[in-house]
Structure formats: C-alpha cells, structure tokens
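Observations on the three-dimensional arrangement
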Amino acid sequence: MRLTQYFLPTMKETPSEAQIVSHRYMLRAGMIRQASAGIYSWLPLGHRVLKKIEQIVREEQDATGAQEILMPTIQSADLWRQSGRYEDYGKEMLRITDRHERDMLYGPTNEEQVTEIAAAYIKSYRQLPKNLYHIQWKFRDEVRPRFGIMRGREFLMKDAYSFDIDAESGRRAYNKMFVAYLRTFARMELKAIPMRADTGPIGGDMSHEFIILADTGESAVFCHRDFLERDVLALDVDYESDLQPIVDEWTGLYAATDEMHDPAQFEREVPAESRVSDRGIEVGHIFFFGEKYSKPFGAIVPTPEGGETTMQMGSYGIGVSRLVGAIIEASHDDKGIIWPEAVAPFKVGLINLRSGDDDCDAACDDIYDKLNAAGVEVLYDDRPERAGSKFADMDLIGLPWQLVVGPRGLKNGVVELKSRRTGETEELPVAVALERLGG
Ligand code: 5CA
C-alpha cells in the first residue's frame, strides 16, 4: 500500500479525551474514530489489526475442533424470557421494538440463541460433543464506556459454546478452551494469566478470566510471580489427549481477581517475594454452567443406556476488539505502538527519504514491487514530506520493520533496516534487506 493513497489520518496532538496510552495511540494512528459514546468506526489501519487478531482467534478455535457459525446481532426478547435473563440483565441490555411491536434486543452475548439451535438439532448422544463459536459484534449499554475500545458499548467478541453429554465430557471441553486461550494470547505475544473468577450474569460454578497485567487495567489482580516467567508458545498440544495436567499446572499457583481474592490464602500460599499485586485487563473469560440454559430450552438427548439427559454447557469469550487495545498497552514506547509481528497491520514500513528524487523513487518502487510479489505486507511512505515527520509517523503506527531508502545510502548500494522494537539499525545491500524481510 502506498501512503499517498492510503486512508491514514494520523495526528500529532494528543487527544484530550483519551486517558490511557492505547486509546491515545489508536486515535493518533488513525485506527478508530468515535461514532458515539463507546461506539467506534474502524479505519483501515485499525481494521487490519482487528482482522489479524480475529484470524488468530479463529485458527486456535478451529484447532480444538470447534466449528464457526454466525448468529445474528439482533435477538428476540422471547428467547431471553425463556432463560429468565430478560429482566435480570437490566439496563445493560439495549432493547428494541420492531414495527410489529415485537420486543427485540441487540445481543450482549448468545447463550440463549445458541442453545435454541442445539435443542432443535442435537437429538442423539452420538452428535456430542459439539462446540460452536462465532465472532460477532455485541452491545452492552455500559454505564461508563471508557478507554476507547477497551470498554466499549459495541465490541467484537468471539464466543464459543460447548455441548456435552455429561459433566466429565464438559470438563474436557472446558480444558480445550482453557489451553486454546493460552495459545491464542501467546501468539499475540501477550502474557495472559488465567485467574479464578466470579461468574456474574452468565452463571455457573467454574470460571477463569484471562488477564493481562497492565497499570491501566480496570481490575486489581493478585498472583504468583512464576506466571510471568512461563513460556506458552512452546505448548504443542494434541487436543485429543488429556489436557488436565496442563490446566492443573496453570491453576496450581495462586491467581485471583479482586472479587475472588482471599488475602489470607494469598499470604499462606505465596512467599512474600513472589506476590504480585497489580492491575489487569480481562481479555478472555470462560465459564462452565452445566444445565443453566440447556434446561429451560429443553436441550435434551437420549443416552446410550436408553434414558435421557440434559446437555452440559460452557461458554467461552474473547474480547477481540479489546485485544487491540490490550496489545498496545502491553507493547509501546513514548514514540508510539510496537506491534508484535503476528498482529501488525503491515510487516514493513518503506520510507523514501527523498520522494521525487529519481534514484530514490526507482529504488523504492523496485523494493515495493518485490515485497508485494513475495506476499510481504508493506506500507510505502511515498509522500513528499520531511524525513522527520515520516519517521515520527512510522514510529507512531509501530510496524515491526522500517526500511529506509535515502540518496546517500543508495550511492553505496545500501538501505537501512530498523527494528521498531529494539531500535537497532543495519545498513544492508538491498538484496540482503529484502531477503531478511522474506521478499
Ligand atoms: N457469554 C460469556 C462468554 S462467551 C461472556 O459474555 N463473557 S464476558 O462477559 O466475560 O465477555 C467476554 C469477553 O468480552 C471479556 O473477557 C472481555 O474481554 C470482552 N468484553 C466484555 N465487555 C466488553 C466491553 N464492554 N468492551 C470490550 N470488550 C468487552
């Protein structure tokens, strides 16, 4: 993509309404535009990141055997009356009336909708287990939407729902999601710690939140320092094997959110030097709630023994849009964002230090074409701007690699390759630089 053609409305000034770094940088980097309180449009750069995150989430869900569906954003109030949550959900639910005076709502989550589907079609124990997920916009009329897309009113969530014949099989479904979450967040270079959690309006008795430590997090969290040392990406899993040992390893050390925190237990179980009290951002939340929804919806299957049983269910959420902010909170400096390569909107920023100079233009065009031909995502700053402002914008939008082409280097046949994360630069012949970038 050529920057002269790209829609990238960057800003130099810090927007006064943004209280945390991710919100500031998302606005300054032209990733999002507020539409109304807690509701945002995603502009091209932000949209690319959102899609990359969504794709990682999708791949890791698919790897567990979960199957993607797409349920509507607008749901019928009757479904929610059936589960008893229509009244319980209170003001957070956006209620709508259609032209026939039917009560509808913008879904804050989809337990009811998906259970209706399972109840209609799953008629034999042989069809179990199943896990169905979708990646869809949700609406919660939060009292205090804030921090940009971190606590929005409209937000993108991945929500998966498991259906099992009995509690033991349900536990296996829960464990699969637990492990898939570890892998998902690790691929985004995030250290997400599973913490015992309260189940709130979703219900159930087994639940973990996946939390990223960050000063700007909304909740206080307490955990053992050893969590911070662990390497998850190395986790090569066979989802058909017994995952309980992995789950035990990740739940064996103290880690709890504010609501579940037990100071006495924390002091008993964690030596003083290993106690971490910090703030955290919740990027995922998983629940096991048995028959809470399957019962009212009559999601019943005949058992092999000739009886019948109500399906055991769990639900598993990931804040896809919130992750964009969480990753920035975890990875930035005073110049801007530092994208982990897996979610970067482009891999390379190509900077032409003298746009309009024939040699520089020709060299950049050639590099640009070669990178594109090799499938390397490149954003080419071909604007007739000062070098200083090109560098500032490139640092702000945080692409992992900057390839700088200037007249002086070209005389010696070299370009400069800079890592945004380490700041290290190397002068390299064009061919070598291209090779490094996979071009
Ligand atoms: N039905 C369950 C699991 S599918 C559920 O809704 N869980 S949840 O309420 O915990 O939401 C799942 C994830 O969505 C959260 O972990 C969080 O990362 C994200 N999320 C929740 N509320 C918001 C919000 N207002 N803005 C952005 N992301 C949010």
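Quick look at the structure, then. (Residues numbered from 1 in each chain as written. Predicted model: local features only at pLDDT ≥ 70, side-chain atom pairs only at ≥ 80, totals over all residues. Heavy atoms only, no water.)

Points about the sheet that holds strand β4 (residues 74-76)
Strand order in the open sheet made by the three strands is β4-β6-β5, with antiparallel pairing throughout. Because the sheet does not close on itself, it has two edges, and the strands there are β4 and β5 (94-97). Here the average twist between neighbouring strands, direction ignored, is 40°. Examined bridge by bridge, β5 and strand β6 (residues 103-106) share four bridges and lie antiparallel to one another. (Pairing = 2+ DSSP bridges. Helix = DSSP H or I, 4+ residues; strand = E, 2+ residues; numbered from the N terminus. Axes fitted to C-alpha atoms, helices over the stretch in contact; angles between N-to-C directions.)

A look at the nonpolar core
Ranked by internal contacts, the top residues of the largest apolar core, which has 85 residues, are Met31, Ile53, Phe185, Met188, Phe210, Val324 and Trp339. Of the residues forming this core, the biggest block, ten residues, is contributed by helix α6 (residues 167-187). Setting aside residues up to four positions removed in sequence, Met31 forms contacts with Met26, Ser41, Trp42, Leu43, Leu45, Gly46, Val49, Val324, Ile328, Ile337 and Trp339. Core analysis: the next-biggest nonpolar cluster, separate from the first, contains 18 residues, Ile367, Tyr380, Val405 and Leu417 among them. (Core = buried A, V, L, I, M, F, W, Y, C linked by side-chain atoms within 4.5 Å. Buried < 20%, exposed > 50% of the residue type's maximum accessible area, 1.4 Å probe, protein only. Contact = heavy atoms within 4.5 Å.)

Some points on the sheet that holds strand β23 (residues 425-429)
Taken together, the five strands give an open sheet; going across it, the order is β20-β19-β21-β22-β23, and neighbouring strands pair in mixed fashion. Looking along the sheet, the strands with just one partner apiece sit at the ends: β20 (378-381) and β23. With strand direction ignored, the average angle separating the axes of adjacent strands in the sheet is 25°. Across five bridges, the pairing between strand β19 (residues 348-352) and strand β21 (residues 401-405) is parallel. When the bridges of β21 are listed, Val348 appears paired with Trp401.

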